[in-house]
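Summary of structural features
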There are 2 protein chains.
Amino acid sequence: MDPKDARQSAACSTVCVNNPHLGAMKDDSLYHFSLGTTTHDLPAMFGDVKFVCVGGSPRRMKSFIKHIAAELSMEDAKSEYPNICAGTDRFVMYKTGPVLSVSHGMGVPSTGIMLNELIKLLHHAQCTDVTIIRIGTSGGIGLAPGTVVITKQAVDATFLPKFEQVILGKTVVRNTDLDQSLAEELLQCSKELNQFETVIGNTMCTLDFYEGQARLDGAFCSYTEKDKQDYLKKANEAGVCNIEMESSVFAAMCKLSGLRAAVVCVTLLDRLKGDQLSSSHEVLQQRPQILVGSYIKKQLRAKAVLPTVVVL
Amino acid sequence: MDPKDARQSAACSTVCVNNPHLGAMKDDSLYHFSLGTTTHDLPAMFGDVKFVCVGGSPRRMKSFIKHIAAELSMEDAKSEYPNICAGTDRFVMYKTGPVLSVSHGMGVPSTGIMLNELIKLLHHAQCTDVTIIRIGTSGGIGLAPGTVVITKQAVDATFLPKFEQVILGKTVVRNTDLDQSLAEELLQCSKELNQFETVIGNTMCTLDFYEGQARLDGAFCSYTEKDKQDYLKKANEAGVCNIEMESSVFAAMCKLSGLRAAVVCVTLLDRLKGDQLSSSHEVLQQRPQILVGSYIKKQLRAKAVLPTVVVL
């Protein structure tokens, strides 16, 4: 696709690829999905997708597709929700109606691979008006564990709202703004649900879970408890509510491709009070699913009503 | 553990953690393995480990444990090689005799999480004389697909042998040297096997698979085919034989913890000739397994023979 065409497409809410080389390729193999334009009829398989939910854990993304199918009353008692990416073990993908659920593994590089291939998939499938939401887990700063954070901006380890992408050995800085109206709609939806605390705030995205997030419990640690507290408090003063490992590449790539995007993460612990995670946090992990499931249901209901009114 | 003790331990070939806080912790939860010091008897489970093989794909690491069990004649026809990390879907782990096989997902952050917890596991289990080898896939530069590359140094996207770790918002540069004698032993082993071409060279480790590796087939591309070729040729002139996404953090962390470490990756394609991967590359992925399996067998045989000679 010509870049000019891509920009025009973005204007009519298709998914934008900014790559002049793609149009010249006879076949596009989406290797880490084990899908391709020659081997699969992507418009038939995915053309109706309106919501994509992504998250790190394969199990959680399977759990989400069951949850959303029940929410939308689309569940099939016999269906096992087959993994569309069964030909590979890199990512999993499930679909019910207009909702796609995809895992992205842990960290920026893994998430970047998935998003490159997801954006191309949505483009090849000629999807329109797609909303994409990352549902994840995070460490909170000064928030009660279980609080859900909707990301305003993804910031780096120096609290700046940018994502650095290295291209041909040179660093290119990309914007990490997310869709503010979508964030507000999600916050409103959480207020209506009234099941758990939800806030909008900045999310710090790091390349490491231990030293990169000032943990004291990794294999290596060269700083003190006070150094840790000082760093996390500075982050908090800069507007950081929580810390995870994918939001910056997610925000940057969704913005470049014209996708309406949000990041919704539950905080599993208050990092001012500790570092270690335990399996007792598992029930909290469902909160982003509950919120986003409720939001999607509300949106689809609203859209289904509109044409009916026009017809009447 | 006191840092001084850790350094002394390294001298007698235990696994070194450089973290004075760990000794004060009553329990250490290795969250992404779903293992812990209170819930599991780590010395009993892992104390005999001498070789750890790691790789991105969970399926490949299961395939490796079956391969090495057969090589060492330790296979149990009934055994399904249970996943030791079954309590989580983040990583998989399998064990047969003194060999541990662990997945690390894709990219530096995911691999860093796994290595932090693996190094702590080996430390808690009081393992000694551990050799760790990453078996992976990569894109080659100017090499016939299927060539196996043993990494001399892991270099970054500007071809420099360093790994940048951000700690408390500041960048710390770490050394990415790997064990040269281990690399030579592996090369010698491949010569004896005589099944495929193997070379020693530098490996470029990137944070992105598409733009970060100068691919023309991602969702975004702002450069030309000539720009790509120029960049890859410069990399090759700087000694880079192949490109992957984990070697720098692997080299840096293994060096810090005193582990004898190597990276053995097969090249799935020649990046000077193309960008796309296909499933037809799957048979090539077995080559690092074959080489490392053969090496471990040779080492264990050599060690088993020595005491017998002494006893006689």
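Definitions and limits used
Residues numbered from 1 in each chain as written. Chains lettered and ligands numbered in written order. Predicted model: local features only at pLDDT ≥ 70, side-chain atom pairs only at ≥ 80, totals over all residues. Heavy atoms only, no water. Helix = DSSP H or I, 4+ residues; strand = E, 2+ residues; numbered from the N terminus. Rg over C-alpha atoms; globule rule 2.2 N^0.38 Å. Buried < 20%, exposed > 50% of the residue type's maximum accessible area, 1.4 Å probe, protein only. Least-squares fit on C-alpha atoms with pLDDT ≥ 70 in both. Contact = heavy atoms within 4.5 Å. Expected span 1.5 Å × (residues − 1). Buried area = accessible area lost by both parts, 1.4 Å probe. Salt bridge = Lys/Arg side-chain N within 4 Å of Asp/Glu carboxyl O. Polar contact = N/O pair within 3.5 Å; in protein donor to acceptor, adjacent residues only side chain to side chain. Axes fitted to C-alpha atoms, helices over the stretch in contact; angles between N-to-C directions. Parallel < 35°, antiparallel > 145°, perpendicular 65-115°, else oblique. Left-handed = near helix turned anticlockwise from the far one by under 90°. Phe/Tyr/Trp six-rings, centres within 6.5 Å; stacked < 30°, edge-to-face > 60°. Lys NZ or Arg CZ within 6 Å of the ring centre and 35° of its normal. Pairing = 2+ DSSP bridges. pLDDT = per-residue confidence, 0-100.

Notes on the overall build of chain A
- When its secondary structure is counted, chain A shows eight helices and 12 strands.
- Relative to the compact-globule value of 20 Å for 312 residues, chain A shows a C-alpha radius of gyration of 20 Å, a close match.
- In terms of principal-axis extent, the alpha carbons of chain A reach across some 60 × 50 × 35 Å.
- Among the 312 residues that make up chain A, the fraction classed as buried is 56%.

Observations concerning the relation of the copies chain A and chain B
- Superposing chain A onto chain B requires a rotation of 180° together with a translation of 0.0 Å along the rotation axis, leaving an RMSD of 0.0 Å. What we have between these two chains is a two-fold relation.
- A share of 100% of interface residues in chain A that are also interface residues in chain B marks the association as one of identical surfaces.

Brief notes about helix 3 (residues 58-71) of chain B
All names here are of chain B.
- Here helix 3 spans 20 Å end to end across 14 residues, near enough to the 20 Å set by a 1.5 Å rise per residue.
- Looking only at helix 3, the buried set comprises Arg60, Met61, Phe64, Ile65, Ile68 and Ala69.
- Serine 73 sits one or two residues past helix 3 and shows a positive phi near 55°.

A closer look at helix 7 (residues 247-256) of chain A
Residues and elements named next belong to chain A.
- With respect to burial, helix 7 is a largely interior element, eight of its 10 residues being buried.
- Taken together, the buried positions of helix 7 are occupied by Ser247, Ser248, Val249, Phe250, Ala251, Ala252, Met253 and Cys254.
- Downstream of helix 7 by one or two residues, glycine 258 has phi in the positive range, about 75°.

A short note on the interface of chain A and chain B
- Each side of the interface is counted separately: chain A has 72 residues, and chain B has 72 residues.
- For the pair chain A and chain B, the summed buried area comes to about 5,800 Å², and 56% of that belongs to carbon and sulfur atoms.
- It is Met106, Leu168 and Phe220 of chain A that lose the most area in chain A upon contact with chain B, and together they represent 14% of the buried surface on that side.
- Summed over the shared surface of chain A and chain B, the number is two salt bridges.
- Taking the shortest distance from any N to any O, the salt bridge between arginine 174 of chain A and glutamate 211 of chain B comes out at 2.6 Å.

What to know about the environment of leucine 42 of chain A
Residues and elements named next belong to chain A.
- If you trace the backbone, leucine 42 turns up in helix 2 (residues 42-46).
- On the basis of relative accessibility, which here comes to 2%, the residue leucine 42 falls in the buried class.
- When the C-alpha atoms of leucine 42 and leucine 121 are compared, they prove to be 7.1 Å apart, with 79 residues separating the residues in sequence.
- If we skip the residues at most four places from it in the chain, leucine 42 touches Leu30, Gly36, Thr37, Gly47, His124 and Ala125.

Regarding the side chain of glutamine 213 of chain A
Residues and elements named next belong to chain A.
- With respect to the helices, strands and loops of the structure, glutamine 213 is situated in the loop between strand 10 (198-205) and helix 6 (225-237).
- Judged by relative accessible area, which is 2%, glutamine 213 ranks as buried.
- Side-chain polar atoms of glutamine 213 contact the side chain of threonine 206, separated by 3.1 Å.
- Looking at glutamine 213, its side chain comes within polar contact range of the side chain of arginine 215, at 2.9 Å.
- Residues within four places of glutamine 213 in sequence aside, it is in contact with Thr206, Asp208, Leu232, Ile243, Glu244, Met245 and Arg271.

Looking at the pattern of salt bridges
- Using the criterion set out here, one finds 26 salt bridges over all chains in the structure.
- We note a salt bridge from glutamate 244 of chain B to arginine 134 of chain B, for which the minimum N-O separation is 3.0 Å. Placement of glutamate 244 of chain B in strand 11 (residues 240-244) and of arginine 134 of chain B in strand 6 (residues 131-140) is noted, with a sequence separation of 110 residues between them.
- Judged by its relative accessible area of 2%, glutamate 244 of chain B falls in the buried class.
- Given a relative accessible area of 3%, arginine 134 of chain B falls into the buried group.
- One salt bridge connects glutamate 246 of chain B with arginine 134 of chain B, and the closest N-O pair in it is separated by 3.0 Å. Here the residue glutamate 246 of chain B occupies a position in the loop between strand 11 and helix 7 (247-256), and arginine 134 of chain B occupies one in strand 6, the gap between them amounting to 112 residues. By the burial criterion, glutamate 246 of chain B is buried, and arginine 134 of chain B matches it.
- Shared partners join several salt bridges into a network, and the residues in it are Arg134, Glu244 and Glu246 of chain A.

Describing the side chain of threonine 137 of chain A
- Positionally, threonine 137 of chain A belongs in strand 6 (residues 131-140).
- Given a relative accessible area of 17%, threonine 137 of chain A falls into the buried group.
- Those residues within four positions of threonine 137 of chain A in sequence are excluded, and the remaining contacts are Arg60, Glu244, Cys265, Val266, Leu268 and Gln285 of chain A together with Arg90 of chain B.

What to know about the packing of helix 4 (residues 108-124) of chain A against helix 7 of chain A
Residues and elements named next belong to chain A.
- It is the contact of helix 4 with helix 7, at a shortest axis distance of 9 Å, that shows an interaxial angle of 25°. Taken together, the axes of helix 4 and helix 7 are roughly parallel relative to one another. Seen from above, helix 4 lies across helix 7 with right-handed handedness. In this structure, helix 4 uses Val108, Thr111, Gly112, Leu115, Asn116 and Ile119 to contact helix 7, whose residues at the interface are Ser248, Val249, Phe250 and Met253.

Details of the packing of aromatic side chains
Residue and element names in this part refer to chain A.
- Taken as a whole and assessed by the stated rule, the structure comprises six aromatic pairs over all chains.
- Each ring, one from phenylalanine 159 and one from tyrosine 231, has its centre 5.6 Å from the other, and the planes form 35°; the classification is tilted. Separated by 72 residues along the polypeptide, phenylalanine 159 in the loop between strand 7 (148-155) and strand 8 (162-167) and tyrosine 231 in helix 6 bring together distant segments of the chain.
- Judged by its relative accessible area of 6%, tyrosine 231 is buried.
- Above the ring of phenylalanine 209, the side-chain terminus of arginine 215 is found at 3.8 Å from the ring centroid.

Regarding the pairing of strand 5 (residues 99-103) of chain B
Residues and elements named next belong to chain B.
- The element strand 5 is extensively covered by neighbouring structure, given that five of its five residues are classed as buried.
- The alternating pattern of strand 5 places Val99, Ser101 and Ser103 and Leu100 and Val102 on opposite faces, both of which are buried.
- As paired strands, strand 3 (residues 51-55) and strand 5 are joined by five bridges and run parallel to one another. Within strand 5, the residue paired with cysteine 53 across the bridge is serine 101.

Digging into the environment of glutamine 188 of chain A
All names here are of chain A.
- Looking at where glutamine 188 falls in the secondary structure, it is placed in helix 5 (residues 180-193).
- For glutamine 188, a relative accessible area of 37% corresponds to the partly exposed category.
- Taking the C-alpha atoms as reference, glutamine 188 lies 9.3 Å from tyrosine 295; in sequence the two are 107 residues apart.

Looking at the confidence of the model for chain A
Residues and elements named next belong to chain A.
- Per-chain confidence: chain A averages 92 in pLDDT, with 92% of residues scoring 70 or above.
- Predicted confidence for residues 1-12 stays below pLDDT 50, and this span has 15 contacts to residues more than four positions away or in other chains.
- Here residues 306-312 is modelled with pLDDT under 50, and outside its nearest four sequence neighbours on either side it reaches zero contacts, counting other chains as well.
- For this predicted complex, the interface score ipTM comes out at 0.93, alongside a pTM of 0.94.

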